[in-house]
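What follows is each chain in one-letter form.
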Amino acid sequence: MYDQLQSIENRYEELGELLSDPTVVSDTKRFMELSKEEASTREMVAVYRRYKEVVAGIAETEELLGEKLDADMQEMAKEELSDLKKEKEEIEEHIKVLLIPKDPNDDKNIIMEIRGAAGGDEAALFAGDLFEMYQSYASSQGWKFEVLEANITGIGGYKEVIAMITGENVFSKLKYESGAHRVQRVPSTESQGRVHTSTATVVVLPEAEEVELELADKDIRVDIYHASGAGGQHVNKTASAVRLTHLPTGIAVAMQDQRSQLQNREKAMQILRARVYDQMRQESQDEYDASRKSAVGTGDRSERIRTYNFPQNRVTDHRIGLTIQKLDRILSGDLDEIVDALIIYDQTAKLEEMQNG
């Protein structure tokens, strides 16, 4: 493990030199790649350097205790040695977590798709609640939240809404949200006061950049048609809606919310690339899961992951057995407690897997 840490520190120092090299600075793409690599190892190097300081401090203190000291100095040295040994253990645990293989998608932006599922109008209204919850959470994280496509029902919910969330480490925090979300509450249309159960599904797709996944023009069928719905003359007279179909996979994306055909095509391509990339990622994950089951899961669309119980102001995440009596705060975007618990649970499981593997 420590050979690995030393090689990471050596590479970090090499990156520092490269990033000050004028030829690298002038090559924007390479400079960005190296900067990203340097940033990804910065915490590990800082922790490892502190670890080496602590180990050296323990050796010096133990040597000091071997000498003849007065009672006060002896006591101080023993106390310092105890503190250093405790810190050494804490750093070793921290290093183990940092050495868990990083999901290559963790620092990516995402495309989030929310759909009303079982429950008709109530499911669509709940999809709207989830949409607002994630929008508020994104705002609290300093992320940008952009609606790409929305299919609004007559009562104000969403049959489907697709959003792009951009910022720092978006996928790492929201990747566990994919799955079926269940709500238990009295619908506004329920005259008898009975609690109904409805569901909405959430899909979180890491953004796939063109350099990672190039979709050949010959593999994409483009259909242009007139947009439908509200919009007046623009909708009726302009053939601005676009449908892109990726022929090898059959994945199709229709986009009509943007003002021009070009904008609709760009947004549709963004979503298409993410969906194709996700399917490839899912196939790879399925192969991995055949031998080892992922701890939390980040892809099974049918998996019921969470229940939001309004009468008891309770949210339960079924994957990790977490129950929180703060439904109102969670729906207002205060998701940190759930997100942090999912990350820790997944890290712990992966750490155990590494140690047992």
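Residues numbered from 1 in each chain as written. Predicted model: local features only at pLDDT ≥ 70, side-chain atom pairs only at ≥ 80, totals over all residues. Heavy atoms only, no water.

- The name given to the protein chain in an unreviewed UniProt entry is Peptide chain release factor 1, with the source organism recorded as Vagococcus allomyrinae.
- Recorded in UniProt for the protein chain, the comment headed Function (unreviewed entry) runs: "Peptide chain release factor 1 directs the termination of translation in response to the peptide chain termination codons UAG and UAA."
- UniProt, in its Subcellular location (unreviewed entry) section for the protein chain, records the words "Cytoplasm". (UniProt positions renumbered as here; feature names shortened; annotations may be inferred.)

Points about unusual backbone geometry
- The backbone of N169 sits at a positive phi, close to 55°, despite the residue not being glycine.
- Along the polypeptide, N169 turns up in the loop between strand 3 (158-166) and helix 6 (170-174).
- We classify N169 as partly exposed; its relative accessible area is 29%.
- Look at N313: it is not a glycine, yet its phi comes out positive at around 50°.
- Along the polypeptide, N313 turns up in the loop between strand 9 (304-309) and strand 10 (314-317).
- Judged by its relative accessible area of 26%, N313 is partly exposed. (Helix = DSSP H or I, 4+ residues; strand = E, 2+ residues; numbered from the N terminus. Buried < 20%, exposed > 50% of the residue type's maximum accessible area, 1.4 Å probe, protein only.)

Description of the side chain of K175
- With respect to the helices and strands, the residue K175 is situated in the loop between helix 6 and strand 4 (179-185).
- According to the relative accessible area criterion, K175 is buried, its value standing at 5%.
- Polar contacts involving the side chain of K175 include one to the side chain of D106, which spans 2.9 Å. (Polar contact = N/O pair within 3.5 Å; in protein donor to acceptor, adjacent residues only side chain to side chain.)

Brief notes about the sheet that holds strand 4
- Overall, mixed pairing links the eight strands, which are arranged 2-3-1-5-4-9-10-11 in an open sheet. Bordering the open sheet on either side are strand 2 (144-152) and strand 11 (322-324), each of which pairs with just one other strand. Going across the sheet, the axis of each strand differs from the next one's by a mean of 15°, ignoring polarity. (Pairing = 2+ DSSP bridges. Axes fitted to C-alpha atoms, helices over the stretch in contact; angles between N-to-C directions.)

Things to note about a negative patch on the surface
- On the surface, a cluster of negative charge is made up of E60, E63, E67, D70, D72, E75, E79, E80 and D83.
- Of all elements in the fold, only helix 3 (28-65) and helix 4 (71-98) reach the threshold of two or more residues within the negative patch.
- Among the elements that take part in the negative patch, helix 4 stands out by supplying five residues, more than any other.
- With respect to the helices and strands, D83 occurs in helix 4. (Patch = residues over 30% accessible without salt bridge, like charges linked within 9 Å, V, L, I, M, F, W, Y side chains within 5 Å. Areas by Shrake-Rupley, 256 points an atom, 1.4 Å probe, with all protein chains shown as cover. Salt bridge = Lys/Arg side-chain N within 4 Å of Asp/Glu carboxyl O. Lys, Arg positive; Asp, Glu negative; His and termini not counted. Charge placed at Lys NZ, Arg CZ, Asp CG, Glu CD.)

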